[in-house]
Amino acid sequence: MTFRALLGVPLVLALAGTASAETTITVATVNNGDMIRMQRLMPDFYAKHPDIKVNWVTLEENVLRQRVTTDIASKGGQYDVLTIGNYEVPIWAKQNWLMPLDNLGADYDQADLLPQVAEGLTVDGKLYAVPFYAESSMLMYRTDLLEKAGLKMPENPDWAFITEAAAKMTDKKDGVYGICLRGKAGWGENMAFITSMNNSMGGRWFDMQWKPQFDSPEWKKTLETYLELMTKYGPPGASSNGFNENLALFQTGKCGMWIDATVAASFISDPKESKVADKVGFAPAPVRKGGENHGNWLWSWNLAIPATTSKADAAKTFVAWATSPAYTELVAQKDGIANVPPGTRTSLYKNPEYLKVAPFAKMTLTAIQSANTQHPSDQDVPYTGGQFVAIPEFQAIGTAVGQQFSAALAGRASAAQALGAAQAVTTREMQRAGYPK
């Protein structure tokens with residue numbers, strides 16, 4: 001044996017030991033059900049990649065957004081993998097804050113990603129994040145309560161029907177509320193829903209000169225309808241309720257209707273998690289009377305790698321595992337195919353086994369494909385985005401407006417006062433940012 005060979009053995013062992021000790025990556029994610037499931041399934045990842053360990057930072061949605069935005073903008077480098085939305089990806093990619101993601105493995109099948117979802121994560125032909133799950137919005141309702149109310153769900157329900165149904169399904173003495181909607185302040189919490197609702201009412205955030213439109217009749221109709229629904233037929237303390245809180249309310253039988261993310265469908269249909277799993281129906285998100293705009297949002301929770309990481313290879317290995325076809329098969333094997341992360345791969349919606357057990361599948365795909373992020377309002381707009389406005393300033397402005405609307409829901413302001421405050425704060429911040437540009 002040569003001297004070089006003798007050196008090689010301990011050197012390889014030493015390097016292996018060093019790699020094992022050094023490749024701990026920190027993943028920041030949201031405390032949604034699919035992400036919690038991913039953490040439970042980590043033994044599969046560790047079996048395949050014993051030299052990589054994952055440190056989880058799991059946060060409530062608003063807190064996650066604040067922390068990862070602060071970290072990446074300041075180049076803090078706390079995280080090696082970020083869970084971010086399709087709002088942040090193109091903005092951050094253009095700032096060179098994210099690493100492009102290519103060559104994710106021979107079995108990754110990037111071409112299988114739904115085009116509508118992949119397009120929102122692509123800048124200059126390069127993918128800067130990969131979707132863990134994607135969603136649009138739809139109406140989820142209790143079939144038994146609707147039948148008891150003597151009503152039949154229309155093919156395309158409008159807001160007048162929703163109001164009538166909410167009134168008839170409410171039984172406060174029995175702890176059942178006709179409707180549950182997001183009330184927690186945040187650009188991605190209550191404003192995701194209310195912006196979508198306003199799109200369906202024919203409204204818009206800005207006119208073509210970037211003037212805020214909260215003094216328009218469409219916004220007045222939107223907020224007054226929202227407040228009427230929630231104060232008369234919604235649960236108490238609704239100004240503190242976001243996606244997870246409403247999910248829990250629906251699963252425990254306390255909501256007649258819930259308009260929210262399509263990703264919720266598998267959780268409320270799962271008899272292991274939902275008391276009303278066998279009494280759930282699905283319909284498109286509501287339109288205004290005579291209108292056709294459902295206000296469908298398009299959102300994806302995605303995994304991205306910040307440019308600041310020093311562990312790019314390990315981070316990329318994890319990202320590829322968590323968003324791969326093999327991960328979909330793992331979830332199907334462990335928890336049933338109805339619970340696989342939805343909205344990301346074309347092949348899922350061609351799988352007869354999935355379509356058989358997921359009554360919400362076709363409606364989810366239709367909602368995602370019909371979401372018009374390039375022209376979310378019936379009126380002309382200078383922005384894209386659907387349930388958000390795809391400009392860097394929206395994160396702060398959307399949350400500020402969300403706080404005004406949440407205050408109105410809590411009874412601390414009238415609809416007129418909240419709209420006036422929203423108009424003032426948005427005008428001030430847009431002028432400060434130099435719009436129109």
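Before any of the text, the structure's been laid out above.
All of the points below concern the structure found in this document. All of these numbers come straight from a predicted model, not from anything done at the bench. (Residues numbered from 1 in each chain as written. Predicted model: local features only at pLDDT ≥ 70, side-chain atom pairs only at ≥ 80, totals over all residues. Heavy atoms only, no water.)

### Comments concerning the overall build of the protein
Item 1. For the protein, the count of helices and strands is 18 helices and eleven strands.
Item 2. For 437 residues, the compact-globule estimate of 2.2 N^0.38 gives 22 Å, and the C-alpha radius of gyration of the protein, at 23 Å, lies within 12% of that figure.
Item 3. Counting across all 437 residues of the protein, residues that qualify as buried make up 57%.
Item 4. Across the protein, every contact between residues at least 6 apart in sequence was considered, and the portion connecting residues at least 24 apart equals 75%.
Item 5. As presented, the protein carries roughly 18600 Å² of accessible surface, and 52% of it is formed by carbon and sulfur atoms. (Helix = DSSP H or I, 4+ residues; strand = E, 2+ residues; numbered from the N terminus. Rg over C-alpha atoms; globule rule 2.2 N^0.38 Å. Buried < 20%, exposed > 50% of the residue type's maximum accessible area, 1.4 Å probe, protein only. Contact = heavy atoms within 4.5 Å. Areas by Shrake-Rupley, 256 points an atom, 1.4 Å probe, with all protein chains shown as cover.)

### Describing the state of the cysteines
Item 1. Under the counting rule described, the total for this entry stands at one disulfide.
Item 2. A sulfur-sulfur separation of 2.0 Å characterises the disulfide bridge that pairs Cys180 with Cys255. Taking the sign of the S-S torsion, about -80 degrees here, the bridge from Cys180 to Cys255 comes out left-handed. Of this pair, Cys180 sits in strand 8 (residues 177–180) while Cys255 is found in strand 9 (residues 255–261), placing the two residues 75 residues apart along the sequence.
Item 3. Among the residues examined, Cys255 registers a relative accessible area of 0% and is labelled buried. (Disulfide = S-S within 2.5 Å.)

### Details of the packing of aromatic side chains
Item 1. In total, this model carries 34 aromatic pairs according to the counting rule given.
Item 2. For the pair Trp56 and Phe318, a centre-to-centre distance of 5.7 Å together with 75 degrees between the ring planes defines the contact as edge-to-face. Here Trp56 is found in strand 2 (residues 53–59), whereas its partner Phe318 is found in helix 13 (residues 312–322), with 262 residues between them in sequence. Grouping residues by exposure puts Trp56 and Phe318 together as buried.
Item 3. Between Trp205 and Phe206, the aromatic rings sit 5.9 Å apart at their centres with planes inclined by 40 degrees, giving tilted as the arrangement. (Phe/Tyr/Trp six-rings, centres within 6.5 Å; stacked < 30°, edge-to-face > 60°.)

### Focus: helix 4 (residues 61–73)
Three- or four-residue spacings in an α-helix give side chains the same orientation, since the helix completes a turn every 3.6 residues.
Item 1. Taking 1.5 Å of rise per residue, the 13 residues of helix 4 would be expected to cover 18 Å, and the 18 Å separating its terminal C-alpha atoms lies within 8% of that figure.
Item 2. Along helix 4, the residues that are buried comprise Glu61, Leu64, Arg65, Val68, Thr69, Asp71 and Ile72. Looking down the long axis of helix 4, one finds its buried residues gathered within 165 degrees of arc, a one-sided arrangement.
Item 3. Of the surrounding elements, those touching the buried residues of helix 4 are strand 1 (24–30), strand 2, strand 3 (81–85), helix 5 (88–94), strand 11 (299–304) and helix 17 (394–409).
Item 4. Of the residues flanking the start of helix 4, the one acting as N-cap is Glu60, its side-chain oxygen 3.2 Å from the backbone nitrogen of Asn62.
Item 5. The positive-phi residue at the C-terminal boundary of helix 4 is Lys75, with phi of around 55 degrees. (Expected span 1.5 Å × (residues − 1). Arc of directions from axis to C-beta. Polar contact = N/O pair within 3.5 Å; in protein donor to acceptor, adjacent residues only side chain to side chain.)

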